[in-house]
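Each chain, letter by letter, is given below.
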Amino acid sequence: QLQASGGGLVQTGGSLRLSCAVSGSIVRINRMGWYRQAPGKQRELVAVITSGDSTNYKDSVKGRFTISRDNAKNAVYLQMNSLNPEDTAVYYCNANINVVSYYATDYWGKGTLVTVSS
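How each quantity is defined
- Each chain has its residues counted from 1, following the order in which its sequence is written.
- pLDDT decides what is reported in this predicted model: residues at 70 or higher carry local features, side-chain atom pairs at 80 or more are listed and counted, and totals for whole chains, interfaces and linings draw on all residues regardless.
- The basis for every side-chain value is the complete set of heavy atoms in the structure, and neither hydrogens nor water enter the calculation.
- Throughout, nonpolar core names a set of buried Ala, Val, Leu, Ile, Met, Phe, Trp, Tyr and Cys residues whose side chains join them through atoms within 4.5 Å.
- Relative accessible area decides the class of each residue, using a 1.4 Å probe on protein chains only: under 20% of the type maximum gives buried, over 50% gives exposed, and in between gives partly exposed.
- Per the convention used, a helix needs a DSSP run of H or I reaching at least four residues, while a strand needs a run of E reaching at least two, with both numbered from the N terminus.
- Residue contacts are defined here by distance: any two heavy atoms, one from each residue, within 4.5 Å place the two residues in contact.
- For the purposes of this analysis, a disulfide is any pair of cysteine sulfur atoms at a distance within 2.5 Å.
- Paired strands, as defined in this entry, are two strands with at least two bridges between them according to DSSP.

*Asks:* Looking at this model, I keep getting lost on the nonpolar core. Mind explaining?
*Replies:* Generally speaking, soluble globular proteins have nonpolar side chains that are buried together. Ranked by internal contacts, the top residues of the largest apolar core, which has 29 residues, are W34, V46, F65, I67, L78, M80 and Y91. Mapped by element, the contributors of at least two residues to this core are β1 (2-5), β3 (16-22), β4 (28-37), β5 (44-49), β7 (65-70), β8 (75-80), β9 (89-100) and β11 (112-117). The dominant element in this core, judged by the number of residues it contributes, is β9, at five residues. When neighbours within four sequence positions are excluded, I67 is seen to be in contact with M32, G33, W34, A47, V48, I49, T55, Y57, V76, Y77 and L78.

*Asks:* I tried to follow the state of the cysteines on my own but got confused; where do I start?
*Replies:* What we call a disulfide is simply a covalent bond connecting the sulfur atoms of a pair of cysteines. If you walk through the whole model with that rule in mind, you get one disulfide. Residue C20 pairs covalently with C93 via a disulfide, S to S 2.1 Å. Since a negative S-S torsion denotes a left-handed disulfide, the C20-C93 link at about 50° is right-handed. Here C20 is found in strand β3, whereas its partner C93 is found in strand β9, with 73 residues between them in sequence.

*Asks:* Honestly, the pairing of β3 in this entry has me stumped. Any pointers?
*Replies:* One face of the sheet, then the other: side chains in a regular strand alternate in exactly this way. Burial of β3 is extensive: five of the seven residues sit out of reach of the surface. In this sheet, β8 lies alongside β3 in antiparallel orientation, the contact comprising six bridges. Considered in β8, the bridge of R17 is made with Q79.

In C-alpha cells:
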C-alpha cells in the first residue's frame, strides 16, 4: 500500500514537499515515481527515481522539482519549488515492487491535490 501526503494550496513561487510511504510485505522496491493529472488532461510522469538513484524529470519541472527516496523508510519524496499554476494537479506516487522475489508489479497511491494560485 502506498500513502501519499503533503499536497495543499500554495501561491505562485511557493514550495511543497510530497511524501509517499510504502507499507506491507515487500521483497524489494525498484523504480519509484510521481505522476500528476490535471483536470481534463491525461496522467503524466513528473519524476522517477531508480533503485540506483538515477533520476528523470518531465522537462517543465527540471530545475524546480527534486525527487528522492529513503530506502530505510520505503519512502519517496518530491520537493517542489517555484510552483506555478500549471503545476496544479492531483499527484500520484507510483512504485514498482517485488512482493515475491520472482515477480514485480506497479502499485499506485491515492492522489494528493496540489493547487497553485496565481
